[in-house]
Amino acid sequence: MIIDRRDALAGMAAMFGASLFAPIARAAAAEAPPIISSGPPSSPVFTAQQRALMTALSERVMPTTDTPGAITAGVPEYIEKLLADWASPDDRKPILAGLDAIEARSRSDYKVAADKATPAQQDALLTLAMGDKLPGGADFFDKFRQLVLTGYFTSEVGITQEREYLPVPGRYDGAYPYSEIKKVFSS
């Protein structure tokens with residue numbers, strides 16, 4: 001089965017609309033199909049601590065349930081590659097600053113590195129960011145959430161396991177049991 005990540009990116013762009021994070025918009029608007037998930041990033045974006053925290057938080061945004069979560073879907077690698085290859089240094093600032101603010105708050109409140117905090121503590125830290133109760137928190141949370149959701153729902157896991165994959169153009173099947181499908185369709 002061939003999954004067109006470019007089409008999936010265009011769908012994510014439509015979902016977020018005018019508030020789309022610039023690197024995602026650039027990748028979605030590229031004339032040549034973006035190779036976002038292939039190979040390593042052109043340069044490292046995160047320190048080892050930031051990468052560990054970004055990975056842990058991506059799993060909190062899109063956790064493993066009855067379907068795989070962000071880590072299994074390759075979202076952390078997607079985020080670093082997108083930020084390395086499609087983001088300007090200014091685009092990266094709110095993500096890096098947000099990770100650093102969450103790290104500082106975790107060490108202050110919980111006396112532990114944020115990536116080692118419990119899931120409940122990580123959720124509390126993300127809630128603080130979402131509520132703009134950390135420096136640059138709301139800006140970080142909005143952009144980070146977009147990165148996680150875009151990475152997840154344009155991955156093979158997101159398209160085929162979280163959603164019901166129906167390739168377009170597909171064949172017409174007037175007897176398809178749509179009422180039995182409990183997922184959103186992707187194409």
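## Details of the overall build of the protein chain
- Check the secondary structure of the protein chain and you find eight helices and two strands.
- In the protein chain, the succession of helices and strands from N to C terminus is α-α-α-α-α-α-α-α-β-β.
- Taking the intrachain contacts of the protein chain between residues at least 6 apart in sequence as the baseline, contacts between residues at least 24 apart amount to 66%.
- On the protein chain, roughly 9,700 Å² of surface is accessible, and the fraction owed to carbon and sulfur atoms is 57%.

## Things to note about the packing of aromatic side chains
- Scanning all chains against the criterion turns up two aromatic pairs.
- Between the aromatic rings of Tyr152 and Phe153, the centroid separation amounts to 5.1 Å while the plane-to-plane angle is 85 degrees, which identifies the pairing as edge-to-face. Both residues of the pair, Tyr152 and Phe153, count as buried.

## Re the environment of Ala104
- By the element assignment, Ala104 lies in helix 5 (residues 89-109).
- Using a relative accessible area of 46% as the deciding quantity, one classes Ala104 as partly exposed.
- A sequence separation of 30 residues divides Ala104 from Leu134, and the C-alpha atoms of the two residues are 9.7 Å apart.

## Things to note about the environment of Tyr78
- Tracing the backbone through its elements, the reader meets Tyr78 in helix 4 (residues 75-86).
- Sequence separation of Tyr78 and Leu147 is 69 residues, and the distance between their C-alpha atoms is 8.4 Å.

## Considerations on the packing of helix 3 (residues 48-61) against helix 6 (residues 119-130)
- Two elements in contact, helix 3 and helix 6, have axes whose closest approach is 10 Å; the angle formed by their N-to-C orientations is 85 degrees. The pairing of helix 3 with helix 6 is recorded here as roughly perpendicular in orientation. Contact with helix 3, carried on its side by Ala56, Leu57, Arg60 and Val61, involves Pro119, Gln122, Asp123 and Leu126 of helix 6 and no other residues of that element.

## Some details on the side chain of Glu80
- Secondary-structure assignment places Glu80 in helix 4.
- The buried category is assigned to Glu80, whose relative accessible area is 8%.
- Here Glu80 is in contact with Pro41, Pro44, Val45, Phe46 and Arg51, once residues within four sequence places are set aside.

## Points about helix 5
- With 21 residues, helix 5 ought to run about 30 Å at 1.5 Å a step, and its terminal C-alpha atoms sit 30 Å apart, in line with that.
- For helix 5, every residue scored as buried is listed here: Asp91, Arg92, Pro94, Ile95, Gly98, Leu99, Ala101, Ile102, Glu103 and Ser106.

## A closer look at the pattern of salt bridges
- Within the structure shown, the criterion is met by eight salt bridges.
- For Asp123, the salt bridge identified is with Arg60, shortest N-O distance 2.8 Å. In this pair, Asp123 sits in helix 6 while Arg60 sits in helix 3, placing the two residues 63 residues apart along the sequence.
- A relative accessible area of 29% places Asp123 in the partly exposed class.
- Across the pair Glu103 and Arg107 runs a salt bridge whose closest N-O atoms are separated by 2.7 Å.

## Side note on the confidence of the model for the protein chain
- Looking at the protein chain, the pLDDT average stands at 81 and 67% of residues meet or exceed 70.
- For the stretch residues 1-5, pLDDT sits under 50, and the model shows twelve contacts to residues farther than four places along the chain or on other chains.

## Considering the packing of helix 5 against helix 6
- At a minimum axis distance of 10 Å, the contact between helix 5 and helix 6 shows a crossing angle of 130 degrees. The angle between the axes of helix 5 and helix 6 places the two elements in the oblique class. As helix 5 runs across helix 6, the sense of the crossing is right-handed. Across the interface between the two elements, Ile102, Arg105 and Ser106 of helix 5 pack against Leu125, Leu126, Leu128 and Ala129 of helix 6.
- Looking at the contact of helix 5 with helix 6, its residues break down into five nonpolar, one polar and one charged.

Cut-offs applied
- Residues numbered from 1 in each chain as written.
- Predicted model: local features only at pLDDT ≥ 70, side-chain atom pairs only at ≥ 80, totals over all residues.
- Heavy atoms only, no water.
- Helix = DSSP H or I, 4+ residues; strand = E, 2+ residues; numbered from the N terminus.
- Contact = heavy atoms within 4.5 Å.
- Areas by Shrake-Rupley, 256 points an atom, 1.4 Å probe, with all protein chains shown as cover.
- Phe/Tyr/Trp six-rings, centres within 6.5 Å; stacked < 30°, edge-to-face > 60°.
- Buried < 20%, exposed > 50% of the residue type's maximum accessible area, 1.4 Å probe, protein only.
- Axes fitted to C-alpha atoms, helices over the stretch in contact; angles between N-to-C directions.
- Parallel < 35°, antiparallel > 145°, perpendicular 65-115°, else oblique.
- Expected span 1.5 Å × (residues − 1).
- Salt bridge = Lys/Arg side-chain N within 4 Å of Asp/Glu carboxyl O.
- pLDDT = per-residue confidence, 0-100.
- Left-handed = near helix turned anticlockwise from the far one by under 90°.
- Nonpolar A, V, L, I, M, F, W, Y, C, P; charged D, E, K, R; others polar.

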